[in-house]
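Topology and contacts: notes
Okay, here's what each chain looks like letter by letter:
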Amino acid sequence: MIIETILTAFWLMLPAYFANSSAVIFGGGTPIDFGRNMPDGRRILGDGKTFKGLIGATCLGTAVGLVQIMGGTYISSIFSSISLSAYVFPQMIIVAAFVLAVGTLFGDMAASFLKRRINIERGAQFPVIDQLDFVAGAWLFAYVLAHDWFISNFSLPVMVAVIIITPLLHIATNILAYKLGLKDVPW
Ligand code: CTP
Ligand code: MG
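Residues numbered from 1 in each chain as written. Chains lettered and ligands numbered in written order. Predicted model: local features only at pLDDT ≥ 70, side-chain atom pairs only at ≥ 80, totals over all residues. Heavy atoms only, no water.

Next up on the list: the nonpolar core. Of all hydrophobic cores here, the largest spans 23 residues; its most connected members are Met13, Trp139, Trp149, Phe154 and Val162. Those elements that provide at least two residues to this core are helix H1 (2-26), helix H3 (94-117), helix H4 (129-145), helix H5 (147-153) and helix H6 (156-179). When residues no more than four places from it in sequence are discounted, the contact partners of phenylalanine 154 are Leu12, Met13, Trp139, Trp149, Met159 and Val162. Core analysis: the next-biggest nonpolar cluster, separate from the first, contains 9 residues, Ala19, Ala101, Leu105 and Met109 among them. (Core = buried A, V, L, I, M, F, W, Y, C linked by side-chain atoms within 4.5 Å. Buried < 20%, exposed > 50% of the residue type's maximum accessible area, 1.4 Å probe, protein only. Helix = DSSP H or I, 4+ residues; strand = E, 2+ residues; numbered from the N terminus. Contact = heavy atoms within 4.5 Å.)

The next thing to look at is the packing of aromatic side chains. Within the structure shown, the criterion is met by 12 aromatic pairs. Relative to tyrosine 17, the ring of phenylalanine 10 lies with its centre 5.9 Å away and its plane at 40 degrees, an arrangement referred to as tilted. By relative accessible area, tyrosine 17 is classed as buried at 11%. Linked through ring pairs, Trp139, Tyr143, Trp149, Phe150 and Phe154 together constitute an aromatic cluster. Looking at arginine 117, its charged tip hangs above the ring of phenylalanine 113, at a distance of 4.8 Å from the centre. (Phe/Tyr/Trp six-rings, centres within 6.5 Å; stacked < 30°, edge-to-face > 60°. Lys NZ or Arg CZ within 6 Å of the ring centre and 35° of its normal.)

Moving on, we get to the pattern of salt bridges. All told, the structure shown has 6 salt bridges when counted by the stated rule. Salt-bridge contacts for aspartate 33 lead to arginine 43; the nearest nitrogen and oxygen are separated by 2.8 Å. Placement of aspartate 33 in the loop between H1 and helix H2 (51-83) and of arginine 43 in the loop between H1 and H2 is noted, with a sequence separation of 10 residues between them. Across the pair, exposure class does not vary: aspartate 33 and arginine 43 are buried alike. (Salt bridge = Lys/Arg side-chain N within 4 Å of Asp/Glu carboxyl O.)

Just geometry here; none of it tells us what the structure is for.
Right, dumping it as structure tokens:
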């Protein structure tokens, strides 16, 4: 069922989604590149990548995974009672939550590195890459460091669902943040 594939995709990516969207809350202070430039004269990563953002977002993403591990059965049962179907969310494990969160932040840093090399200023948009950089990072880290979990959960349909729902979630949350007055522009 398509709904179940989407639910699975969403559930498996939750630590990454929380890590990706919370760096902005935790961020500030010392940049990860310590303000240094590359030989091209531009910053290695830029002021938008900070240690506080990296550590705070990694901790929150991992904590979300912990909630999924402890509450997964309960959340599944609530969901089943509402939807009257016996869907069960897949098993989260702590190693997976942690590597998804760390991978998210590294994917985001890799994109900033790339943006600086092609002379895109900190904060300037880089469509598609800005929305999916963290997915690539999260998957790469999970593939290497939580291999069995990744292989048994991320089937091709689930991965396709992630690639489709992630930019949609991004747009939806930005519009919501704009309506709530948290952002100046709705994108
Ligand atoms: N942030 C942080 N540390 C990180 C990632 C993000 O402190 N490792 C914070 C920064 O305050 C950043 C904000 O989250 O400005 C938004 O993140 P992002 O959009 O990834 O950064 P940008 O400022 O747009 O910079 P870039 O062009 O390098 O993506
Ligand atoms: Mg940005």
